[in-house]
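Observations on the three-dimensional arrangement
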Amino acid sequence: MNRQYDVIVVGGGHAGCEAALAAARMGCETLLFNITLDSMAVMPCNPAIGGLAKSQIVKEVDALGGEMGRIADKTAVHFRRLNASKGPAVQATRFQCDKQLYRLAMKAVLEKIPRLHLRQGLVEQLVVENGRVTGVIDQPGVFYGARAVVLTTGTFLGGLVHIGDVRYRAGRAGELAAWELSDQLKALGFETGRLKTGTPPRLRASSIDFSRTTRQDSDPDPEPFSFRSEKLRDDRLPSFFAATTTETHRLIHDNILRSPLYSGAITGVSARYCPSLEDKVMHFVGKGSHPVVLEHEGIETEEIYAKGLGNSLPPEFQEQIVHSVPGLEEAEIMRLAYAIEYDFVQPTQLKLTLETKIIAGLYLAGQINGTSGYEEAAGQGFWAGVNAALAVQKRPPFLLERSEAYLAVMVDELVTRGVDEPFRMFPSRAEYRLLLREDNATIRLSEKGHALGLITDDERRDIQKKMAQISGGISRLSAARIFPVEGTQKILTEIGTPPIKNPATLFQLLKREGVSYDNLSPLPGWEAIPDAFVKKEIEIEAKYEGYIQRQQEAISKRKGFDGVRIPADMDYAAIPGLSNELQAKLARVAPETIGQAGRIPGITDAAITALLIAIKKRENEK
Amino acid sequence: MNFSDTIAAIATPYGAGGIGVIRISGPEARNIALRILTPLSQNGFRSHHLYHGTVISPENHQALDDVLFTFFEGPHSFTGEDTLEINCHGGPLILETVLEAALRAGARPAENGEFTRRAYLNNRLDLAQAEAVNDLITARTRQGAVFALERLEGGLSRKINELSGDLLDLLARIEVSIDFSAEDGVEEEAADHLSEINRIINTVDSLAATYRQGKIERTGFRLVIAGRPNAGKSSLLNRLLGEKRAIVASQPGTTRDFIEEATDIGGIPVRLTDTAGLRPPTDEIEKEGIDFLWEKLDQADGVLYLVDGSRKATAEDIDLFGRIYTIPDKPLLLVLNKSDLPALMDEKSLGPAPDAGAFPPVVRISAKYGDGIENLAVAIRRLALNSNSGDTPSAVIAHAHQRASLEKAKESLQRAREGLSGDAGMPPEIVALEIREALDSIGEITGKTSNEEILDHIFSRFCIGK
């Protein structure tokens, strides 16, 4: 039996699946470990893929040749367009998927890739020789050799579940945790920390009085995540809105010390954007009620995900809390809510490729880097898998600029700033978000996916055709001029837009609020475009025109700093004019460019000047 | 820049004074002290202590000056490096001699502003503070020094931080609706973004408006003394300068060139310009002089229009006053001279004011005997500070680039305001873009805001989550 691989991926969650798929599709003999093969690509918390900033990541991963978008398309049963009232740059897509179908669909894809090998097993040890990882050893003690290893351990690394006063070691409720690996990482010299997350209770659908809740149906006519998906399922499941009551809040308030979050049992840091119900009630005292959303976990199951009721109180209180919500008076809990603590490795110890700085060939992705969210995990898994494969093949690394993708913003933030609470992507982290839209992800990135060998020639040709139609459409509209004459003004009034005072192009007209591409059809110079995507891109380009230009100018202004590379062996202690504190910060992150250095918290303009001078001096000396 | 060397310079303004300070900064500062100062014990000296001693020539140990000196061990010094400050007896010659001794003992002459630059590169100052130090050094009067000190203490930085904080708060309230959907449990506030942004624009405006004062503090208030021949302009100039600078004669038209002098009036640095009498030119030279006058008036920060109050107003007086009065945005002071003689004219006789509500302030003086000069000083100060009280704001900007940053911020905010007013149909991500740009512009003065800070503000305000 061959036990020598190019890439070994440890952990088959959303990060691990993308990492393994990317590496194998790029030609690497790849081994994917998971503790049990029945729980690959599991969604242990909410049943949704996407969301604000997250759907951008899903689409970027898809445009580059990743899998998450296609699996979500195959298994989604409820579709939401978020921020629909706002501009296209900050709109997002959220799919609720059937959890069981999702994991099975992903497993089916994994199993069909020839160079991808699945193995059930718990990895206990990394084998490191001369600062380079050479393989892993599993629980029965078998050695598997590898030229690169990607760790995607999720909540399994030192996982500890809390329900009230009870706690036990587990990677998820009822599953084994990986403690040995965690100890070894610390012994290897990694700085680790502890984070906390949690999940709400699952309720039995037939015990819920949905008539007392507000039903929300799926949006009509959803569009798939993936540009490679043909169609979506026909099944639709509704969601239901309910709300907590003063009784809910009283119950929590009176029993708060029974929560491990408040008794001191939990030391891990939780995310401020995802507070448990305990935190909401205790921190936002003035709010009389918090929303509860009841979501189906799948077509063939009674399980209902009770978003908003996440807590870690003892079972008897959980029951009372659930029953205090109108509609849930008789609800039966199928799975208790719980909190989980786990270890993460401070991601400032990573290069921009997500390879660790101290052990060559070792890559980390997902929650081990302090992030939360399926999409964030998938994005990093893809990034790490691609870079592991490229390193094995001795090809240059795959990196993107912050102005090119949310993926790059995420990796840059992690590696540069580090993490002090579970990290989630938000639109406000992306300064160039007018450019980084979900609608244009394929335009931005599919060419790069093709270069990696993950996007086929046909898919690429298809995108290129669309891009040509978009730029052709824009130049046609920009060349088509109309004049303030009676006939034209009449048409404009019919469209519902004010008349023009001066000659204008159709492109300028399209900038106007409420004017769509097809509205312009009666005007000279207009041509029908059958492709809805092409039409939409032209509209968005018109609406954002001046602003897109401003963002591009801002990018070229910063390009200077991002283009200045800092030598890897820079001796920060020898730079005059830097305080010890700043020297330590720079040495810790070892930024790869001046731009990255400038984003390290606490780094001043003066420090950047000193750094620039030091680089210049080195160059002069050479 | 090379930080391995030690720099030295005379740190006090050139010219005679009570004391002068030599500053020496860099790794050699301690050794230089040992070479040129005596008596010093073998153990040397303690940091941040004032010692009495003698500066000696490093070669032949000849005594050069009796001094007080302080050694500041880095990083607790102005530059962040080891620094030696020697308080010498004033006088250019002594200072030069001591400086040369320091140079021979191992220092090199500092470039202009190099101490401040080192302080900045060693993170001892932020950009606004660095500029304030520069102003402090060049501050020409007491009042200027107070302003510069205030900025040194971070008055401007504080104001800017307040402004950034307010902007961040507003931005967080807009960004939260972008970062989270209604399903996350975030309720969009029915908040009054519009009145908040108006308030912020006003703050930016009033800070930008301090530029005039800041600049006056830094470079002086350019006051042109204008008036018809023999109104007593040169006498007034001499009175204000306290010395005989201009030639005074009763022959009209004596002053054909321009006399410019800097002085301190009521704590404000003022650059006074005396001009040729304004009247139809009788020869070529005078004509040239009068052409120049209008040019000077154009560049001036303010005009002091002087008339002879002991004569009846002529048509010429009325015409000339009217022409100066109607120059837009030119603070004007009307001074009636020769109050020692019987008054035959008052301000009303200079004709109906074009805008009766805003008649310039009037002061009666006698330039010859000094009567009313104190009132005049107060009036000039008010004119310079552009306020009735003569009070000065707590934070001032003194640099054109600071004003440019504020104006850029204001433009962004005005566009954001337009968007917030709802008529423009501007989506929130564009409003946010404008506010982010405003934050960036303001950040050019003391430091940038990061995306992380925006999120911090969101999380501290809103209850969010699943």
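Keep in mind that this is a model prediction, so the values were computed, not measured.

Let's talk about the overall build of chain B
Assigned secondary structure in chain B consists of 14 helices and 13 strands. Counting every position in chain B, which comprises 466 residues, the buried fraction comes to 43%.

Quick notes on the overall build of chain A
Scanning chain A from N- to C-terminus turns up 20 helices and 22 strands. Compactness check: chain A gives a C-alpha radius of gyration of 26 Å against a globular reference of 25 Å for 622 residues, within 12% of the reference. Referenced to the eigenvectors of the C-alpha coordinate spread, the extents of chain A come out at roughly 80 × 75 × 55 Å.

A few points about the nonpolar core
Of all hydrophobic cores here, the largest spans 181 residues; its most connected members are A:Val7, A:Ile8, A:Val149 and A:Val150. Element by element, the count of residues in this core is highest for helix 10 (residues 374-392) of chain A, at twelve residues. When near neighbours in sequence (up to four residues on either side) are disregarded, A:Val7 contacts A:Ala23, A:Cys28, A:Thr30, A:Ala146, A:Ala148, A:Val150, A:Ala388, A:Ala389 and A:Val392. Of all hydrophobic cores here, the second largest spans 36 residues; its members include B:Leu240, B:Leu333, B:Leu376 and B:Ala379.

Observations regarding the sheet that holds strand 4 (residues 76-82) of chain A
Residue and element names in this part refer to chain A. The sheet built from three strands is open, its strands ordered 3-5-4 with antiparallel pairing. A strand with exactly one partner marks an edge of an open sheet, and here the two such strands are strand 3 (48-50) and strand 4. Across the sheet, the mean angle from the axis of one strand to that of its neighbour is 20°, orientation sign disregarded. Pairing of strand 3 with strand 5 (residues 92-97) involves three bridges; the strand directions are antiparallel. For Ile49, the partnering residue across the bridge sits in strand 5 and is Phe95. Together, strand 3 and strand 5 form the strand contacts of helix 2 (residues 54-64), whose direction differs from that of strand 3 by roughly 75°.

Things to note about unusual backbone geometry
All names here are of chain B. Geometrically, the link from Gly74 to Pro75 is a cis peptide bond, its omega value of 0° lying close to zero. The residue Pro75 is located in the loop between strand 5 (63-72) and strand 6 (83-89) in this model. In the Ramachandran plot, Lys338 falls in the positive-phi region, its phi being about 65° despite a non-glycine side chain. By the secondary structure assignment, Lys338 is in the loop between strand 12 (332-337) and strand 13 (362-364).

Regarding the sheet that holds strand 11 (residues 166-169) of chain A
Think of a sheet as strands paired side by side through backbone hydrogen bonds, with each pair either parallel or antiparallel. All names here are of chain A. Strand order in the open sheet formed by four strands is 11-10-19-12, with antiparallel pairing between adjacent strands. The two strands at the open ends of the sheet, each matched to only one other strand, are strand 11 and strand 12 (192-199). Pairs of neighbouring strands in the sheet enclose a mean axial angle of 25°, with direction left out of account. Note: strand 12 against strand 19 (residues 338-345), eight bridges, orientation antiparallel. Its bridge partner lying in strand 19, Gly198 is registered against Ala339.

Points about the domain arrangement of chain A
Residue and element names in this part refer to chain A. Under the domain assignment, chain A is made up of domain 1 (4-154 + 192-197 + 341-451), domain 2 (202-339), domain 3 (456-549) and domain 4 (564-621). Here the C-alpha centre of domain 2 lies 27 Å away from the C-alpha centre of domain 1. Taken together, the contact between domain 1 and domain 2 spans 33 residues of the former and 31 residues of the latter. Counting only elements with at least two residues in the side of domain 1 that touches domain 2, the list comes to helix 2, helix 3 (68-75), strand 4, strand 5, helix 4 (99-112) and strand 12. For the side of domain 1 that touches domain 2, the element with the most residues is strand 4, which contributes six residues.

So, the confidence of the model for chain B
For residues with low pLDDT, the predicted coordinates do not support detailed interpretation. Residue and element names in this part refer to chain B. On average, residues of chain B carry a pLDDT of 77, and 71% of them reach 70 or more. Within chain B, helix 5 (residues 142-152) has the poorest average pLDDT of any element, 57, and strand 6 the best, 91. For this predicted complex, the interface score ipTM comes out at 0.82, while the overall pTM is 0.78.

Some details on the pairing of strand 8 (residues 132-138) of chain A
Sheet faces and side chains relate simply in a regular strand, where the side chains alternate between the two faces. Residue and element names in this part refer to chain A. Sheet topology places strand 7 (residues 123-129) next to strand 8; six bridges connect them, and they run antiparallel. Among the inter-strand pairings, Val128 is bridged to a residue of strand 8, identified as Val133. As judged from the three bridges shared by strand 8 and strand 9 (residues 143-151), these two strands associate in the antiparallel manner. Its bridge partner being in strand 9, Gly135 is matched across the sheet by Gly145. Once strand 8 ends, the chain turns through four residues before running back antiparallel as strand 9, passing Gly141 with a positive phi of about 95°.

A few points about the environment of B:Leu385
Relative to the helices and strands, B:Leu385 is located in helix 11 (residues 373-385). Counting along the chain gives eleven residues from B:Leu385 to B:Glu374, while the straight-line C-alpha distance between them is 17 Å.

Examining helix 13 (residues 457-479) of chain A
Counted at 1.5 Å a residue, the expected span for helix 13 of chain A with its 23 residues is 33 Å, and the 33 Å between its end C-alpha atoms agrees. Of the surrounding secondary structure, the elements contacted by the buried residues of helix 13 of chain A are helix 12 (441-452), strand 22 (504-505), helix 15 (506-511) and helix 16 (532-543) of chain A.

Quick look at the packing of helix 2 of chain A against helix 3 of chain A
Residue and element names in this part refer to chain A. Remark: helix 2 packs on helix 3, axes separated minimally by 7 Å, with the N-to-C direction vectors making an angle of 115°. Considering the angle they form, helix 2 stands roughly perpendicular to helix 3. Contact with helix 2, carried on its side by Val58, Lys59, Val61 and Asp62, involves Met68, Gly69, Arg70 and Ala72 of helix 3 and no other residues of that element. In the contact of helix 2 with helix 3, the residues fall into four nonpolar, one polar and three charged.

A short note on helix 10 (residues 315-325) of chain B
Residues and elements named next belong to chain B. Of the positions making up helix 10, those classed as buried are Asp317, Phe321 and Tyr325. Within helix 10, the buried residues cover an arc of 60° as seen down the axis, which keeps them to one side. Summarising the geometry of helix 10, the exposed residues directed more than 90 degrees from the buried face are Ala315, Glu316, Asp319 and Arg323. At its buried positions, helix 10 is contacted by strand 11 (302-308) and strand 12.

Digging into the environment of A:His78
All names here are of chain A. Note that His78 resides in strand 4. In this structure, the C-alpha to C-alpha distance between His78 and Ser446, residues 368 residues apart in sequence, is 27 Å. When sequence neighbours within four positions are dropped, the list of residues in contact with His78 reads Gln96, Ser218, Arg236, Leu237 and Ser239.

Reading the values: the criteria
- Residues numbered from 1 in each chain as written.
- Chains lettered and ligands numbered in written order.
- Predicted model: local features only at pLDDT ≥ 70, side-chain atom pairs only at ≥ 80, totals over all residues.
- Helix = DSSP H or I, 4+ residues; strand = E, 2+ residues; numbered from the N terminus.
- Buried ≥ 20, exposed ≤ 12 C-beta atoms within 10 Å, placed from the backbone.
- Rg over C-alpha atoms; globule rule 2.2 N^0.38 Å.
- Core = buried A, V, L, I, M, F, W, Y, C linked by C-beta atoms within 7 Å.
- Contact = placed C-beta atoms within 7 Å.
- Pairing = 2+ DSSP bridges.
- Axes fitted to C-alpha atoms, helices over the stretch in contact; angles between N-to-C directions.
- Domains from an automatic or database assignment.
- pLDDT = per-residue confidence, 0-100.
- Expected span 1.5 Å × (residues − 1).
- Parallel < 35°, antiparallel > 145°, perpendicular 65-115°, else oblique.
- Nonpolar A, V, L, I, M, F, W, Y, C, P; charged D, E, K, R; others polar.
- Arc of directions from axis to C-beta.

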